[in-house]
Amino acid sequence: MTPLRARVPLLALVLAAAAVAQEPVPPVDPALPEQLKQLRAFVTDTKMLSDMQAIGLMQSLAKDLGARNPKDKERLAKAFGDVFRAGKLRTGPKEVLYRETADELAKFGDLGAPEIQKALADTRWKDNRQLLSHMILALGRTKDGKQVDWLLDTTTRSPIDELRAAAGEALGNYTELELRPRRDVVKAIVREWGSLHARATTPDPTDPSAPIDPGPRNARDTLRAVEGKWSTTLTKLTGVSHSGFTEWQRWLNKNPGWTPPGTKKP
């Protein structure tokens, strides 16, 4: 039987650990409903003269999210997501409202990612490649693991080079992704890079009367847009650096079970 004197310190340690584990939940902010009402008023201003106030308010509300009640964080993420849909459509320089909204939502992690995804699916800016690219980069900064498949699919299959580059860059944020899915991401990017490389280096036909195949030129255009972004992401995910596809392919073939520095093998 354990002596009482030995049990007392042990009990104290257990109670101390329990106290640490049960940190108090921050209270709900009573001022938040009015602030969100003000945000909506700024965004729905028919003359669109209050966008800078809306941006400033979002930046203020997104500070120190760790000190907010979980329900308040959910309300904030939803309210920020509504900015994409409320009021008149912003175009040209006015698009800064949407860009800043995406940047603020990125701070919410897996709460902000679904709101950014909704915005990416909005057909109102389906042809606005710069805005979509900005949103994709913000989506990557959420580090939400549920977005990896979508980002990888966009990286390897989108018909729009700018989006392929942005999605590939966004995947570079997932340095804490588990090793096996991280290897899958790297393998998929290198494989698609190889496919593009093969098409881009296809010799032009020597017969001047032969039909012109746009495939090689399109592949070269895509490579110019994505190579730098993809290579940087591969370096972030693997911990090694190579300058081009051939080196990456050679390295991956020699190191199929690669493990980045500081990561234990499964």
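Look a little higher up for the structure.
Description of the structure in this document. (Residues numbered from 1 in each chain as written. Predicted model: local features only at pLDDT ≥ 70, side-chain atom pairs only at ≥ 80, totals over all residues. Heavy atoms only, no water.)

A closer look at the overall build of the chain
Each helix and strand in the chain was counted, giving 12 helices and zero strands. Going from the N terminus to the C terminus, the chain shows its helices and strands as α-α-α-α-α-α-α-α-α-α-α-α. Expressed as a percentage of the 266 residues in the chain, the buried residues total 42%. The long-range share in the chain, meaning contacts at least 24 apart out of those at least 6 apart in sequence, stands at 65%. In the structure as shown, the chain presents an accessible area of about 15500 Å², 55% of it carried by carbon and sulfur atoms. (Helix = DSSP H or I, 4+ residues; strand = E, 2+ residues; numbered from the N terminus. Buried < 20%, exposed > 50% of the residue type's maximum accessible area, 1.4 Å probe, protein only. Contact = heavy atoms within 4.5 Å. Areas by Shrake-Rupley, 256 points an atom, 1.4 Å probe, with all protein chains shown as cover.)

Details of helix 7 (residues 129-141)
Here helix 7 contains 13 residues, and its C-alpha end-to-end distance of 19 Å stays within 8% of the 18 Å for a straight helix at 1.5 Å per residue. Looking at helix 7, one finds that the buried residues are Leu131, Leu132, Ser133, Met135, Ile136, Ala138, Leu139 and Gly140. Against the buried residues of helix 7 lie helix 5 (96-106), helix 6 (113-120), helix 8 (148-157) and helix 9 (161-170). Within two residues after helix 7, lysine 143 carries a phi angle of roughly 60°, on the positive side. (Expected span 1.5 Å × (residues − 1).)

Things to note about the side chain of serine 158
Looking at where serine 158 falls in the secondary structure, it is placed in the loop between helix 8 and helix 9. Look at serine 158 and you get buried, because its relative accessible area is 12%. Within the structure, the side chain of serine 158 is placed 3.1 Å from the backbone nitrogen of isoleucine 160, a separation counted as a polar contact. Excluding residues that lie within four positions of it along the chain, serine 158 makes contacts with Asp153, Leu163 and Arg164. (Polar contact = N/O pair within 3.5 Å; in protein donor to acceptor, adjacent residues only side chain to side chain.)

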